[in-house]
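In case you want the letters, here they are:
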Amino acid sequence: MSDLERTNTNENRNSTSELHLTVKDVPFHLCKETIAKRSATVSSLLERNKIDDLSSILRDIEADPGTFKLVVKFCHGYKVKFTSDNIVSVLCIAYYLGMNEEHSTDNLLGKASSFLETRVLPCWNETVNALRSGDKALEKLADFKLVDIFFDSLIQKASYDPRLLGELNKENSEYRPNPRRRLFDNEWKSEDLITLPLRFYEPLMIRAMKSRSVPVEYFVTSVCSYAKKWVFDAEESVSGKKREVVEAIERLLPHKRGLISCEFLFKTLKHSILLEASSECRNGLGIRVSKQLDMAEPTDLKILTQGYGERGESYSLEDIQLIRAVVTSFYSNYTDEEEDSEEDVSCFVKVAKLLEEFLLLAASESSLKLEAFVALGEITVAISLGVLSYSDGIYRAIDVFLERHWYLTESEKMEACKVLDCKKLSREGCEEAAKNQRLPLRVVIEVLFVSQLQIRDTVAKEIKGAQEKVDEEEEIGVWSDEDEMEKMSEKLLGMEIEDHECVVHRWKKTRKISVWRQVKRKFGCLTTTSSSSSADACTCDVKNKKKKKIHRYYK
């Protein structure tokens, strides 16, 4: 027999005021006066002779038998051990039983509040554990605002160390811990917030988001982890609870592009449809998916095709319709009024290639039906129209589909090939398709015809290009000849001008200084004042002598 039971037995023998209570099928035999000394509520009930109402009070606050036993031990003077697991329940019972300092000094409510303030709230793990353990009791303490105290404490700690919300991927993590805490990083494991019930987790995360003190990357990491635990990995039997979680996740997720992985968004959208979540939830997730569709992988699109039919089959008409809705939503983000920028065109090309790769991935599965393949092919063709120059990707998907579905008839093969535009095949694609024995004969003939047209166009372009090159060279030659002639003309004209100047110069110079005049001046026949008449009348001895000599010679 325990000390408490032994004390209760002795007091019951010495007192006629016994109190019999049952807390969740666990019987308690108490002394009214002993409980009344610590509890103002019990004392008031005794005064009004309504002690039987105590059972209903305990039933309303859903008191736990173990916690109530601790309260009874305290009333009998025993030392009580508080923990983060029982502190909220103890506070709840002490609050409703009026075990405060006004009724009795050094009472239970004061002791429990002091333990919460000094031992629980300063520690992250203890705070999370107390909040999780006191789920039901905290509802009864709404006036006490204890939930707000827990939330503020957790947000303050998370702003100091965001990793408490969950570790980011190493390549994406930019957080650097405080040097004082690095020594304890490998030894200390934080209590995860995702263990909290939804009624606490959602308002806590909303308050953290509004505070803007926690990096949004860590906020998203925590929300994604919560969805994985309570939706993706949860049991199928709790579909109602999973639906509530999915709708809450959609409300918490930010709309900023690139913060959330495409795989997570596609999975969440899939479960929202599977769990028949609200239209607001499905539309919100669909918008987030479409905003970053150009960042997705073919395996992400494949998530949408798993088990949406009535019989849970893959690639059902509902799945194809969902993909079409996502693609349509993607293009609705771009208006026709504005000119497409280089970034927009790049996004269009990425989505077109994504659909081609997804079509190839789907074609490799034997479970894909002909109707579903054609529907996916039509979506792919519509997206690639005006974006991709060649249809080689669609051809490869058709080739794989025919290889995996070898049993198709000729007409069914033609049905599968109707999404192929042979005119958009590249030269390499035509060469390969012309030799492909899996293609229908009619398609091969069309490919050969297109190939001949391509050869003709290529030859025509080469001839035209060569002729244009020759004409250009001839034109350049004519212009070069004319340029040379013009240069020579200019050069000759210059030479003529120079020669003319030289002749004039020499003529002028000859008139000024005659050689004969120089000779005569040398012989003294001319004076500085002589004229032409004086020159003719020259009577120098030399001239006379010559004449005389001549006369003598003839004599």
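Refer to the structure presented above.
Residues numbered from 1 in each chain as written. Predicted model: local features only at pLDDT ≥ 70, side-chain atom pairs only at ≥ 80, totals over all residues. Heavy atoms only, no water.

Caption draft 1: Up close: the overall build of the protein. The secondary structure content of the protein amounts to 26 helices and two strands. When burial is assessed residue by residue, the protein has 40% of its 555 residues classed as buried. Taking as baseline every contact in the protein between residues at least 6 positions apart, the subset at least 24 positions apart corresponds to 68%. Accessible surface, the protein as shown: approximately 34,300 Å² in total, 51% of it carbon and sulfur. (Helix = DSSP H or I, 4+ residues; strand = E, 2+ residues; numbered from the N terminus. Buried < 20%, exposed > 50% of the residue type's maximum accessible area, 1.4 Å probe, protein only. Contact = heavy atoms within 4.5 Å. Areas by Shrake-Rupley, 256 points an atom, 1.4 Å probe, with all protein chains shown as cover.)

Caption draft 2: Just the pairing of strand β1 (residues 18-23), in detail. Alternating residues of β1 divide into L19, L21 and V23, all buried, and E18, H20 and T22, none buried. In this sheet, strand β2 (residues 26-31) lies alongside β1 in antiparallel orientation, the contact comprising six bridges. Each bridged residue has a counterpart across the sheet, and for T22 the counterpart in β2 is P27. From the end of β1 to the start of β2, which pair antiparallel, there are two residues, and K24 there has a positive phi angle of about 50°. (Pairing = 2+ DSSP bridges.)

Caption draft 3: Expanded view of a nonpolar patch on the surface. Together, Y95, Y96 and F144 make up a nonpolar patch on the protein surface, roughly 250 Å² of accessible area in all. Position of F144 relative to the elements: it lies in the loop between α9 (135-139) and α10 (146-160). Since its relative accessible area comes to 31%, F144 is described here as partly exposed. (Patch = residues over 30% accessible without salt bridge, like charges linked within 9 Å, V, L, I, M, F, W, Y side chains within 5 Å. Salt bridge = Lys/Arg side-chain N within 4 Å of Asp/Glu carboxyl O.)

Caption draft 4: Representation of the packing of helix α12 (residues 216-232) against helix α13 (residues 239-252). Taken N-terminus to C-terminus, the directions of α12 and α13 make an angle of 165°; their axes are 10 Å apart at the nearest point. It follows from the interaxial angle that α12 and α13 lie roughly antiparallel. Helix-helix and strand crossings are classified by hand; for α12 and α13 the assignment is left-handed. Residues F219, V223, Y226, A227, W230 and V231 of α12 form the contact with α13, whose participating residues are K241, K242, V245, V246, I249 and L252. Of the residues contributing to the contact of α12 with α13, the split by class is 10 nonpolar, no polar and two charged. (Axes fitted to C-alpha atoms, helices over the stretch in contact; angles between N-to-C directions. Parallel < 35°, antiparallel > 145°, perpendicular 65-115°, else oblique. Left-handed = near helix turned anticlockwise from the far one by under 90°. Nonpolar A, V, L, I, M, F, W, Y, C, P; charged D, E, K, R; others polar.)

Caption draft 5: Here's a closer look at the nonpolar core. Judged by nonpolar contacts, the single largest core of 142 residues is most densely connected at I87, F150 and L193. Leaving out residues up to four positions away in the same chain, I87 has contacts with F82, A112, F115, L116, V120 and A130. (Core = buried A, V, L, I, M, F, W, Y, C linked by side-chain atoms within 4.5 Å.)

Caption draft 6: Seen up close, the packing of aromatic side chains. All told, the structure shown has 13 aromatic pairs when counted by the stated rule. Judged by centre distance (5.7 Å) and plane angle (45°), the rings of F82 and F115 are tilted. A residue pair is termed long-range when its members are at least 10 positions apart, and F82 in the loop between α5 (65-75) and α6 (87-96) and F115 in helix α7 (residues 108-120) qualify at 33 residues. You'll find F82 and F115 in the same group, each marked buried. (Phe/Tyr/Trp six-rings, centres within 6.5 Å; stacked < 30°, edge-to-face > 60°.)

Caption draft 7: Local environment of the pattern of salt bridges. This structure, assessed with the given rule, holds 15 salt bridges. A salt bridge links D161 to R163; the nearest nitrogen and oxygen atoms lie 3.4 Å apart. Here the two residues D161 and R163 agree in accessibility, since each one is buried. One salt bridge connects R251 with E202, and the closest N-O pair in it is separated by 2.9 Å. Placement of R251 in helix α13 and of E202 in helix α11 (residues 198-211) is noted, with a sequence separation of 49 residues between them. Classification of R251 by relative accessible area gives partly exposed; the value is 47%.

Caption draft 8: A look at helix α22 (residues 427-434). What α22 keeps buried is the set G429, C430 and A433. One side of α22 carries all its buried residues, which in axial view fall inside an arc of 100°. (Arc of directions from axis to C-beta.)

Caption draft 9: Up close: helix α14 (residues 262-274). When the terminal C-alpha atoms of α14 are compared, their 18 Å separation across 13 residues agrees well with the 18 Å that a helix rising 1.5 Å per residue should span. Along α14, the positions that sit buried rather than exposed are C262, F264, L265, F266, T268, L269, K270, H271 and S272. (Expected span 1.5 Å × (residues − 1).)

Caption draft 10: Quick look at the environment of S290. Tracing the backbone shows S290 in helix α15 (residues 279-291). Under the relative-accessibility criterion, S290 is labelled buried at 0%. Between the alpha carbons of S290 and C262 there is a distance of 9.8 Å; along the sequence they are 28 residues apart. Setting aside residues no more than four positions away along its own chain, S290 makes contact with V326, S329, F330 and N333.

Caption draft 11: Main features of the side chain of D300. Note that D300 resides in helix α16 (residues 298-303). Once residues within four sequence positions are removed from consideration, D300 is found in contact with C262, E263 and F266.

Caption draft 12: Representation of the state of the cysteines. A full pass over the atoms with the stated rule returns zero disulfides. In this model C417 remains outside any disulfide bridge; the closest cysteine sulfur is found in C422, 8.0 Å from its own. Overall, C417 belongs to the buried group, its relative accessible area being 6%. (Disulfide = S-S within 2.5 Å.)

Caption draft 13: Broad picture of the environment of G386. Here G386 is to be found in the loop between α19 (370-384) and α20 (392-404). On the accessibility criterion, G386 (76% relative accessible area) is exposed. Residues G386 and F348, 38 residues apart in the sequence, show an inter-C-alpha distance of 9.9 Å.

Caption draft 14: Focus on the packing of helix α3 (residues 40-47) against helix α4 (residues 53-60). Remark: α3 packs on α4, axes separated minimally by 10 Å, with the N-to-C direction vectors making an angle of 150°. The pairing of α3 with α4 is recorded here as roughly antiparallel in orientation. Contacts from T41, V42 and L45 in α3 reach D53, L54 and I57 in α4. Looking at side-chain class alone, the contact of α3 with α4 contains four nonpolar, one polar and one charged residues.

This is a description of form; function is not addressed.
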